[in-house]
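Analysis of the macromolecular model
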Amino acid sequence: MTEPLLRLSGLTKAYPGVVANKDVSFDIGRGEVHALLGENGAGKSTLVKTIYGLVKPDAGTMTLEGQPFQPAEPRAARASGIAMVFQHFSLFDAMNVAENIALGMENPPPQAEIAAKVRSVSDQYGLPLDPTRIVGELSAGERQRVEIIRCLLQDPKLLIMDEPTSVLTPQEVDILFETLRKLSAEGTAILYISHKLEEIRALCENATVLRLGEVVGDCDPRETSARDMAELMVGTVLHVPERAEKPAGEVVLSLNGLSAKAPHRFGTPLRNITVEVRTGEVLGIGGVAGNGQDELVAALSGEMKTGRDMVQFKGNGIGQTHPNARRKIGLLAAPEERMGHAAAPDMSLTENAILTAATRKELTSRGFVHWGKARGFAKEVIAKFDVRTPGPQNAARSLSGGNLQKFVIGREIMQAPEVLVVNQPTWGVDASAAAAIRQALLDLAATGTAVIVISQDLDELMEISDRFAALNEGRLSSPRPAQGLTVDEIGLMLGGAHDMEVAHDHA
Amino acid sequence: MDLTSINPILLLASLMVAATPIILAAIGELVVERAGVLNLGVEGMMITGAICGFVVAVNTGSPWLGFLGAAVGGALVSLVFGFLTQFLLSNQVATGLALTLFGLGLSALMGQGYIGIKAPSFPDWHIPLLGDIPIIGPIIFQHDPMVYVGLFIVAGVWAFLKYSRAGLILRAVGENHEAAHALGYHVVRVRMLAIMFGGACAGLGGAYLSLVRVPQWTEGMTAGAGWIALAIVVFASWRPGRLLLGAYLFGGVTVLQLNLQAAGAEIGVEYLSMAPYLATIAVLVIMRAGRAPGSLGQSFHASR
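Reading guide: rules and limits
- Position numbers for residues start from 1 in each chain and track the written sequence from start to end.
- Working convention: letters from A go to chains and numbers from 1 go to ligands, in the order in which they are written.
- Note on the predicted model: pLDDT of at least 70 is required for a residue's local features to be given, and 80 or more for side-chain atom pairs to be given and counted; whole-chain, interface and lining totals, by contrast, use all residues.
- Numbered from the N terminus, helices here are DSSP runs of H or I no shorter than four residues, and strands are runs of E no shorter than two.
- Exposed residues have 12 or fewer other C-beta atoms within 10 Å of their own C-beta, buried residues have 20 or more, and partly exposed residues fall in between, where C-beta atoms are placed from the backbone.
- Two residues qualify as a contact pair if the distance between their C-beta atoms, derived from the backbone, is within 7 Å.
- Gly is put with the polar residues, along with every residue not named as nonpolar or charged; the nonpolar set is Ala, Val, Leu, Ile, Met, Phe, Trp, Tyr, Cys and Pro, and the charged set is Asp, Glu, Lys and Arg.
- Start and end positions for the domains come from either an automated domain assignment or a database one.
- Per-residue confidence from the predictor is reported as pLDDT, a score between 0 and 100.
- In this scheme, strands are said to pair when DSSP sees at least two bridges between them.
- To get an axis, a line is fitted to the C-alpha atoms, and for a helix only the part in contact is used. The angle between two axes follows their N-to-C directions and goes from 0 to 180 degrees.

**Some remarks on the overall build of chain B**
Within chain B, the secondary structure is distributed over twelve helices and zero strands. Ordered by position in the sequence, the α and β elements of chain B form the string α-α-α-α-α-α-α-α-α-α-α-α. Along the three orthogonal principal directions, the C-alpha set of chain B runs to about 70 × 45 × 45 Å. Put simply, chain B has 304 residues, and 47% of those count as buried. Across chain B, contacts joining residues at least 24 apart in sequence account for 79% of those joining residues at least 6 apart.

**As for the interface of chain A and chain B**
Taken together, the contact between chain A and chain B spans 16 residues of the former and twelve residues of the latter. Elements represented by at least two residues in the side of chain A that touches chain B include exactly helix H2 (74-79) and helix H3 (97-103) of chain A. It is H3 of chain A that provides the largest number of residues to the side of chain A that touches chain B, a total of three residues. Split into classes, the residues belonging to the side of chain A that touches chain B amount to nine nonpolar, two polar and five charged.

**Describing the domain arrangement of chain A**
Domain parsing of chain A yields domain 1 (6-234) and domain 2 (251-506). Computed from C-alpha atoms alone, the centre-to-centre distance between domain 1 of chain A and domain 2 of chain A is 32 Å.

**Quick word on the confidence of the model for chain B**
Looking at chain B, pLDDT values average 89 and 97% of them are 70 or higher. Across the interface, the model reports ipTM at 0.79; the global pTM reads 0.73.

**Description of the sheet that holds strand E7 (residues 158-162) of chain A**
Pairing between sheet strands relies on hydrogen bonds along the backbone, with the strands arranged either parallel or antiparallel. All names here are of chain A. The mixed open sheet is built from six strands, whose spatial order is E6-E7-E8-E3-E9-E10. At either end of the open sheet lies a strand with only one pairing partner, and these are strand E6 (82-85) and strand E10 (214-219). Within the sheet, the average angular offset between the axes of one strand and its neighbour, ignoring direction, is 20 degrees. Here E7 pairs with strand E8 (residues 189-194) via five bridges, running parallel. Following the sheet pairing, Met161 is matched in E8 by Tyr192. Contacting strand E3 (33-37), E6, E7, E8 and strand E9 (206-211), helix H1 (residues 44-51) runs over the sheet at an angle of about 150 degrees to E7.

**Some remarks on the environment of Pro221 of chain A**
All names here are of chain A. With respect to the secondary-structure elements, Pro221 resides in the loop between E10 and helix H8 (226-234). Judged by local crowding, Pro221 falls into the buried class, with 23 C-beta atoms found within 10 Å. Linking Pro221 and Arg308, residues 87 residues apart in sequence, is a C-alpha distance of 53 Å. Those residues within four positions of Pro221 in sequence are excluded, and the remaining contacts are Ala35, Ile200, Arg201, Cys204, Ala207 and Met229.

**What to know about the environment of Val234 of chain A**
All names here are of chain A. On the secondary structure map, Val234 appears in helix H8. For Val234, a count of 18 C-beta atoms within 10 Å gives the class partly exposed. Remark: the alpha-carbon pair of Val234 and Leu212, spanning 22 residues in sequence, is separated by 9.5 Å. Once residues within four sequence positions are removed from consideration, Val234 is found in contact with Glu39 and Ala431.

**A closer look at the sheet that holds strand E14 (residues 311-313) of chain A**
Residue and element names in this part refer to chain A. Within the open sheet, the four strands sit side by side as E12-E11-E14-E15. Their pairing is antiparallel. The open sheet has two edge strands, strand E12 (270-278) and strand E15 (316-317), and neither has a second partner. Relative to E12, strand E11 (residues 251-260) runs antiparallel, the two sharing six bridges. Bridge pairing in E12 places Leu253 opposite Val277.

Structural data, given as structure tokens:
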């Protein structure tokens, strides 16, 4: 075998309390599409940051094309031909595309030249992009294109992609894969990080699986089943949520032509959303982030006021009532952002429990807090939802993402809501905690609560929803039964083609 | 009241002089804020610059060396702020307020032996040819050199932010420090440099008061000019061109109300003295403020 492009041997990196990478070794060949698989917290990000020069390893060496490779900073890594597309985009909202691209290059030419190059590269790889647009106004898919083109302009030898598809529609994923295959055919190696197994099976030639910082296996994803890879990744057999069949109940919440202006410059207006939610059902709302999810949650929770009858709860218009009044009648919400929106990071779990549960659980009287009762409630949530924390006196900030998410969702579920709205319930949560949260939502629906789940994870929505609708530029498609929906149909719904029949005619 | 006693040419000419200290302080703060740092200590850096400049100028007899000393003094006190906020990650608002109080106290201490002394004179430039143009000449081209230095700095900052690579990086750091760090830029280094530039500019603004406008040293002589500079940065939506407009508006109303007082206007002196502040607030409210830099006022620490 010829010399690999990049060889990692014995890379180790420890942080106080955790070993992020332990003796990690593998090779990446020229033009190879190599997958790096692992759960959240398995050490994937630390490893790629090491390759990109953002993290210095405690031990171990890297060899690039036979030469020792020790990038002191990202500039050095870029100069050696390593490029990276970040999971959370490293873009600057208030600047235009060309400026963003210039920031990621070592010796950028003048803006006009960059604009011309962007146009030629975007034509070559089928990634349409206008260099003069302001990045804050682009869709998630377009923003990713900015990052990819920024990398391509430097003719990288190795392109690192950190969870690139988590924000894309299935159609955008297809475009991305085509681009990546083209690059690989031209000799660019790609290190592809994901936990979406089907994607890896479709794209990659080789996979390295990490668990708790260690390499636990190598496989050829084209010949290994998704289930085997998942079990390698998680280390245990995965639990699939169960749900009971049940008849649809009566309408408890209805949105009638809900429209609202965008609350801020980079927000999305809601456009004429009409939908009914029945007791005991799970309505899944899919869509790429930034298509009105946050605004819809705000309109439902009461953070954003709307026309009185645009939101009706059991026939009463509640569009003008504030969040606590909505909680009182049984409409609860758990927003996406755990730190700072769903929970106050520096306050204890008890205090956080009081913040939303005071009304329904009667944790206050005459303006005074019942601390004993509040602590009891927080303890109950912690016990019932298996939140790993020393106790309710701990600050919300000290919990890991998955644990805090379990607490935040659990806090709402324990209040026995009639309607529960959750946004991205398992974003950035490891697989076992995600499974527990999904099961809890299904159990809640089984008790007769209407649950609205807004998520970008289509697999999740297919797993738990009874009906599925797509949110696109603030418009909601009409809901369809989730069972039997194909990926292509969902993709078309997400892409905004509400009328499937018409779309088929064109196809 | 005798409005004819107000000479419009003199009025416009003194407007440029009145606006200069605010322009200097505000353009420095604009750069600091574009780098994502909110330094509320402008007033403290200005007054420190005022006394440093005065001490150096009196002892050397050279106003130019005085301005240099003021810039160095302003930059040095801003380093205290920079060290506390960028390395010890202290709260920027609280640290900035503390810097103002510290600057006021420090300047009073330094200035104890300098009360009642007159600063060495700093003659006006009579720019040949341009200064001879009727009307425009006396208004624009017959001032002391610092007026032009201030305008030059504003133009320089505008070009720096718009065209230079370093300006692009500075804006990137202020817009999204996490992303800038991920791309390998030195967030703290860029911010420290910006903070020092802001301190130096504020120092120049303060020295302009003690060396040119007054020209002597009195305690607390900046009298809120630093706060006006801060407000004008926001009013200008963090853009140098609008900043010039705001500073001239404030300077203009200040000069006008002084002239009205002198002309014996029948409005109470208190109301006239309020006018510049009211006018600035009114314009600030009416003009829609632009978007602030994304990371403004947030501490940055390169963790994982």
